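# Chain and residue survey
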Amino acid sequence: MIPRFFSLLLLALTAIPFAGWLVLICADFLSLEDCLSPQSGWTAFALITALSLVLPPVLHGWPDHTRPLRDIVRETARAILFSFALFALFFLPGARPFFQWIGVPELMLPTAALFLAPLLSCPLLYISYKTAAALLPRPGPDSPRPGTIRAFSTLSLIFLLALVLHGFALPAESPAPLIHHGSQSMIAAAWRFFALRHVLAVCGNAGFVPAWGGCCIISLLEIGRALPEAGAAELMVLAVLFVLMAASCVCLLLPSSRKWLC
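The structure presented is a predicted model; accordingly, all values stated were derived computationally and were not measured.

Along an α-helix, a turn takes 3.6 residues, which lines up residues three or four apart on a common side. Helix length check: helix 7 (residues 209–226) (18 residues) gives 26 Å between terminal C-alpha atoms against 26 Å at 1.5 Å per residue, within 8%. Here helix 7 has its buried residues at Val209, Ala211, Trp212, Cys215, Cys216, Ser219, Ile223 and Ala226. Projection of helix 7 onto a plane perpendicular to its axis shows the buried side chains occupying an angular sector of 165°, all on one side. Those residues of helix 7 that are exposed and aimed more than 90 degrees away from the buried face are Ile217 and Leu221.

Structure (structure tokens):
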């Protein structure tokens, strides 16, 4: 398990900057950006795109014990390349017409790219995961879901609904910013949690347990950002979100969950 994890971690650390550089090359090819001196908006766009293309295949592959490590690394790298090829197939002919269609001036292209990056990450995460699952098919758990996984499924669903609807629970005059401020960030966060909930509670893929924890940490940082301006009502809502996140993570780490996940 440990050699597989660190081998694929090394692959991820190598592939993420390389994929981000290729995204900037595509933008430069379309004269959207200078890849030698990219602006911060395009750099963040490239990083989010690279993470969306690289992480799902890596997380899918590392718990696999049915194949030699060499085959897993090779097929994971191939899944990353196929996913990037699909991204480039749509990005190269479609990016400039899309920006022209929504009427973005040349000067605002980096800002627009940064704004759209969270939304673009949603289909990219799906494509890269499905590509990896096709190249590295793995059987799911062969036993019924234990109580801890059923509890995770329930708690994660409640958390997902609370995350999407928590803004409506705050007073209209609330000065505290919502976590994942901005509609595009909220949609992307909800999509990530929804997809991870399915992969974990239905497919039983143990590789995505760190991803659930990582997304919870991101939301926890957003909660910390909102705390200074939070009043009593806001603190109650944020506390509920924190408890749901913590409880869902605990459910995944319990022995019966770790035994069921594969």
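Right, let's get into the packing of aromatic side chains. The relation between two aromatic rings is expressed through the spacing of the ring centres and the mutual angle of the planes. Applying the stated criterion to the full structure yields 14 aromatic pairs. The interplanar angle of 80° and the centroid separation of 5.3 Å between the aromatic rings of Phe5 and Trp62 together place this pair among those described as edge-to-face. Of the two residues, Phe5 is situated in helix 1 (residues 2–29) and Trp62 in the loop between helix 2 (40–61) and helix 3 (69–101); the sequence distance between them amounts to 57 residues. Given the relative accessible area of 31%, Phe5 is considered partly exposed. Put simply, the rings of Trp42, Phe45, Phe84, Phe87, Phe91, Phe98, Phe99 and Trp101 pair up and form one aromatic cluster.

Any two packed helices are characterised by the angle at which their axes cross and by the distance between the axes. Contact geometry of helix 2 with helix 3 gives a least axis separation of 9 Å together with a crossing angle of 150°. Pair helix 2 / helix 3 crosses with right-handed handedness. Together, Trp42, Phe45, Thr49, Leu53, Val54, Pro57, Val58 and Gly61 of helix 2 and Ile72, Thr76, Ala79, Ile80, Ser83, Phe84, Phe87, Phe91 and Phe99 of helix 3 make up the contact between the two elements. Here the residues of the contact of helix 2 with helix 3 sort into 13 nonpolar, four polar and no charged.

Another aspect to go through is the packing of helix 4 (residues 109–135) against helix 6 (residues 183–201). Look at helix 4 against helix 6: their axes get within 7 Å of each other, and the N-to-C directions meet at 20°. It follows that helix 4 is roughly parallel to helix 6 by the angle criterion. Regarding helix 4 and helix 6, the two cross each other, and that crossing is left-handed. Every residue of helix 6 that contacts helix 4 at Phe115, Pro118, Leu119, Ser121, Cys122, Leu125, Tyr126 and Tyr129 is listed here: Gln184, Ser185, Ile187, Ala188, Trp191, Arg192 and Val199. When grouped by side-chain class, the residues that make up the contact of helix 4 with helix 6 number eleven nonpolar, three polar and one charged.

Tallied over the full model, the rule gives six salt bridges. Residue Arg74 is joined to Asp71 by a salt bridge in which the shortest nitrogen-to-oxygen separation is 3.1 Å. Pair noted here: Arg74 and Asp71 are both in helix 3, with a separation of three residues, about one helical turn. With relative accessibility at 39%, the residue Arg74 sits in the partly exposed group. Through salt bridges with shared partners, one network takes in Asp71, Arg74, Glu75 and Arg78.

Conventions and cut-offs
- Residues numbered from 1 in each chain as written.
- Predicted model: local features only at pLDDT ≥ 70, side-chain atom pairs only at ≥ 80, totals over all residues.
- Heavy atoms only, no water.
- Helix = DSSP H or I, 4+ residues; strand = E, 2+ residues; numbered from the N terminus.
- Expected span 1.5 Å × (residues − 1).
- Buried < 20%, exposed > 50% of the residue type's maximum accessible area, 1.4 Å probe, protein only.
- Arc of directions from axis to C-beta.
- Phe/Tyr/Trp six-rings, centres within 6.5 Å; stacked < 30°, edge-to-face > 60°.
- Axes fitted to C-alpha atoms, helices over the stretch in contact; angles between N-to-C directions.
- Left-handed = near helix turned anticlockwise from the far one by under 90°.
- Contact = heavy atoms within 4.5 Å.
- Nonpolar A, V, L, I, M, F, W, Y, C, P; charged D, E, K, R; others polar.
- Parallel < 35°, antiparallel > 145°, perpendicular 65-115°, else oblique.
- Salt bridge = Lys/Arg side-chain N within 4 Å of Asp/Glu carboxyl O.

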